[in-house]
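Overview (structure and organization)
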Amino acid sequence: MKLFLLMFSSVFLCSLAQLLVKKGMSILGIYSFSLSQLVSLAISVFTNIYLFLGMCCYGISVLLWMIVLSRVPVSVAYPFSSIGFIITMIFSYFLFNEMITVNKVMGMGLICLGVYLVFSTH
């Protein structure tokens, strides 16, 4: 149970990071891959609270994931990370009014089935 909570916490924090970065980038606007904009973006990570918190969530998520991988085979742990797609999709519906279509729901169901099948054989 403790290991499951570690895995879920890591995946949840990674999803939260995605949402925070999306919010931060929504405030900053569209960026392209130019040196001047990359420097500006790097500075924004420290001045935009959403980007800063997103990067912090990524960092903590990676540390937790390292603990998970020290205890669980990667062939079992990594499929669990796909739960993050579901978390992100659900929260993006509420936070950003993004649509959840029938195809997305079916995709989420297939992800859940896949994670179940991987864990049921471990």
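Described below are features of the structure shown in this document.

Calculation rules
Residues numbered from 1 in each chain as written. Predicted model: local features only at pLDDT ≥ 70, side-chain atom pairs only at ≥ 80, totals over all residues. Heavy atoms only, no water. Helix = DSSP H or I, 4+ residues; strand = E, 2+ residues; numbered from the N terminus. Buried < 20%, exposed > 50% of the residue type's maximum accessible area, 1.4 Å probe, protein only. Contact = heavy atoms within 4.5 Å. Patch = residues over 30% accessible without salt bridge, like charges linked within 9 Å, V, L, I, M, F, W, Y side chains within 5 Å. Areas by Shrake-Rupley, 256 points an atom, 1.4 Å probe, with all protein chains shown as cover. Salt bridge = Lys/Arg side-chain N within 4 Å of Asp/Glu carboxyl O. Core = buried A, V, L, I, M, F, W, Y, C linked by side-chain atoms within 4.5 Å. Expected span 1.5 Å × (residues − 1). Axes fitted to C-alpha atoms, helices over the stretch in contact; angles between N-to-C directions. Parallel < 35°, antiparallel > 145°, perpendicular 65-115°, else oblique. Nonpolar A, V, L, I, M, F, W, Y, C, P; charged D, E, K, R; others polar. Left-handed = near helix turned anticlockwise from the far one by under 90°. Phe/Tyr/Trp six-rings, centres within 6.5 Å; stacked < 30°, edge-to-face > 60°. Lys NZ or Arg CZ within 6 Å of the ring centre and 35° of its normal.

Brief notes about the overall build of the chain
Scanning the chain from N- to C-terminus turns up 6 helices and 0 strands. Counting helices and strands in the order they occur from the N terminus, the chain gives α-α-α-α-α-α. For the chain, the C-alpha atoms occupy an extent of roughly 50 × 35 × 25 Å along the three principal directions. Scored against the burial criterion, the 122 residues of the chain give a buried share of 27%. A sequence separation of at least 24 residues applies to 71% of the contacts in the chain between residues at least 6 apart.

A closer look at a nonpolar patch on the surface
On the surface, a nonpolar cluster with roughly 500 Å² of combined accessible area is contributed by Ile90, Phe91, Tyr93, Phe94 and Leu95. Classification of Tyr93 by relative accessible area gives partly exposed; the value is 38%.

Thoughts on the nonpolar core
Formed by 19 residues in total, the largest nonpolar core has its most connected members in Met7, Val11, Trp65, Val68, Ala77, Phe80 and Ile83. With 6 residues, the top contributor of residues to this core is helix α1 (residues 2–28). Setting aside its immediate chain neighbours within four residues, Met7 contacts Trp65, Val68, Ala77, Phe80 and Phe119.

Overview of α1
If you check α1, its first and last C-alpha atoms are 38 Å apart, about what 27 residues at 1.5 Å a residue would give, namely 39 Å. Those residues of α1 that sit buried are Leu6, Met7, Ser10, Val11, Leu13, Ser15, Ala17, Leu19, Leu20, Val21 and Gly24. In the core, the buried residues of α1 are packed alongside α3 (49–69), α4 (74–80), α5 (83–96) and α6 (102–120).

What about the packing of helix α2 (residues 35–47) against α3?
For any two helices packed against each other, one specifies the crossing angle of their axes together with the interaxial distance. Between α2 and α3, the least distance of the axes is 5 Å, while the angle of their chain directions is 85°. Between α2 and α3, the angle is such that the two are roughly perpendicular. Listed contacts from α3 to Leu41, Ser44, Val45, Phe46 and Thr47 of α2 are Ile49, Leu51, Phe52 and Met55. Residues that form the contact of α2 with α3 fall into these classes: 7 nonpolar, 2 polar and no charged.

Some remarks on the packing of α1 against α5
Two elements in contact, α1 and α5, have axes whose closest approach is 9 Å; the angle formed by their N-to-C orientations is 40°. As α1 runs across α5, the sense of the crossing is right-handed. Within the contact between the two elements, α1 uses Phe8, Val11, Phe12, Ser15, Gln18, Leu19, Lys22 and Lys23 and α5 uses Ile83, Gly84, Ile87, Thr88, Phe91, Ser92, Leu95 and Phe96. Here the residues of the contact of α1 with α5 sort into 9 nonpolar, 5 polar and 2 charged.

Some details on the side chain of Ser15
Along the chain, Ser15 turns up in helix α1. Non-local contacts of Ser15, meaning those with residues more than four positions away in its chain, are made with Gly84, Ile87 and Thr88.

Describing the packing of aromatic side chains
Enumeration over the complete set of coordinates arrives at 7 aromatic pairs. Judged by centre distance (6.5 Å) and plane angle (50°), the ring pair of Phe46 and Phe52 falls under tilted. You can call Phe46 exposed: its relative accessible area is 67%. Pairwise contacts between aromatic rings join Phe4, Phe8, Phe12, Phe80, Phe91 and Phe119 into one cluster. The ring of Tyr50 has Lys23 sitting right over it, with the charged end atom 5.7 Å from the ring centre.

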